[in-house]
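Per-entry structural report
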Amino acid sequence: MKIWLDDKLVDKEQANVSVFDHGLLYGDGVFEGIRVYSSKIFELEAHLKRLWDSAKVIRLVIPMTYEQMKDALDQTVQANHIVNGYIRLVVTRGIGDLGLNPFLCKQACVIIIAAQIQLYPQELYEKGLKVVSVSTIRNHPMAIPPQVKSLNYLNNLLAKIESLDAGADEAIMYNHEGFVAEASGDNVFIVKNGVVYVPPIQAGSLEGITRQMVMRLAAKENLPVVEKNLTRFDLYVADEFFLTGTGAEVIGVVEIDKRIIGDGKPGPITKLLRKKFFEYAHS
Ligand code: PMP
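Throughout what follows, the structure given in this document is the object of discussion. (Residues numbered from 1 in each chain as written. Predicted model: local features only at pLDDT ≥ 70, side-chain atom pairs only at ≥ 80, totals over all residues. Heavy atoms only, no water.)

Let's talk about the packing of helix α2 (residues 44-57) against helix α3 (residues 66-79)
Where α2 contacts α3, the two axes come as close as 11 Å, and the packing angle between them is 120°. Regarding the angle of α2 to α3, the classification is oblique. Relative to α3, α2 is oriented so that their crossing is right-handed. Along the contact surface, α2 presents Leu44, Glu45, Leu48, Lys49, Leu51 and Trp52, while α3 presents Tyr66, Met69, Lys70 and Leu73. (Axes fitted to C-alpha atoms, helices over the stretch in contact; angles between N-to-C directions. Helix = DSSP H or I, 4+ residues; strand = E, 2+ residues; numbered from the N terminus. Parallel < 35°, antiparallel > 145°, perpendicular 65-115°, else oblique. Left-handed = near helix turned anticlockwise from the far one by under 90°. Contact = heavy atoms within 4.5 Å.)

Things to note about the nonpolar core
Within the largest apolar cluster, 26 residues are counted, with the highest numbers of intra-cluster contacts made by Met69, Leu73, Ile87, Leu89, Val91 and Ile112. Mapped onto this core, the elements with two or more residues apiece are β3 (29-37), α2, α3, β5 (85-92) and β6 (109-115). Dropping the residues within four chain positions of it, Ile112 is found in contact with Ile3, Trp4, Met69, Ala72, Leu73, Thr76, Ile87, Arg88 and Leu89. Listed in part, the 23 residues of the second largest apolar core include Val195, Leu235, Ile251 and Val253. (Core = buried A, V, L, I, M, F, W, Y, C linked by side-chain atoms within 4.5 Å. Buried < 20%, exposed > 50% of the residue type's maximum accessible area, 1.4 Å probe, protein only.)

Quick look at the site of the ligand
Taken together, 16 residues are adjacent to the ligand, and Tyr153, Glu182, Ile209, Thr210 and Thr246 come closest. Taking Arg50, its side chain carries an N or O atom lying 2.8 Å from an oxygen atom of the ligand. Glu182 has a polar side-chain atom sitting 2.6 Å from a nitrogen atom of the ligand. The cavity that encloses the ligand is the largest pocket. (Near = heavy atom within 4 Å. Polar contact = N/O pair within 3.5 Å; in protein donor to acceptor, adjacent residues only side chain to side chain. 1 Å grid on protein atoms, 1.4 Å probe; cavity = no way out; pocket = protein on both sides within 12 Å on 5 of 7 lines; lining within 4 Å. Sits in = over half its atoms within 2 Å of the grid points.)

The following block contains the structure:
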């Protein structure tokens, strides 16, 4: 396995970072998870834009141009013979001292790992997920903004732990006002009376690239798509409920807090959008 480290491909065994890297010491850095479908990097521009935006917010200078990053990603995918897989692109603040000051870190560190992907088991796509509302709220917008895909995922991790403790597959997180934000690593959608509803980004979610794509695909199918603040009530009485994300793609939710959604199986619009997403990704 070859890993991209800073400015070149190295063997996995040589892909080591310093214990003084602030990515490790403080979770100081940004990342992207990107799919490769049929040897093509999926929605590369959108992922790079999000990475650069995240870096700008945390005042991190990515030590490469867009074109150099694209080339590094291509080289890593090719060197590992990935046809259908997953890329983890990480930019850490780099090596500093034990203090917080990020400006003492001379150069950000770029890591690219291209590998196979571990998806949810097929059975869960057919049966749908069971989720729970968790008490951990999504980051307040005046803390680290939820749109920043930073290396510090502890808030979402706490949510994930709550859901696992409850015996559920996933966590639904709310914001400081009680509106639905997102799942621990996926965006939330519901369907009610033929309308597809999705919480606005300002409710505290990452601007998911799968979310954007699914909204576009739904519109193409002449389904009305409405961005609107949602409450727990809206989720409980939804006709359909699904999550979207790079890893999960589109996956149905059939139970939340012991309330069964629809007839307890992923609904027709969920299945249609999953199929359209698959076709688009492989086209
Ligand atoms: N929300 C969070 C917190 C995420 O980490 C992710 C990515 N796994 C998503 C939503 C979905 O975003 P995308 O569709 O770009 O993968």
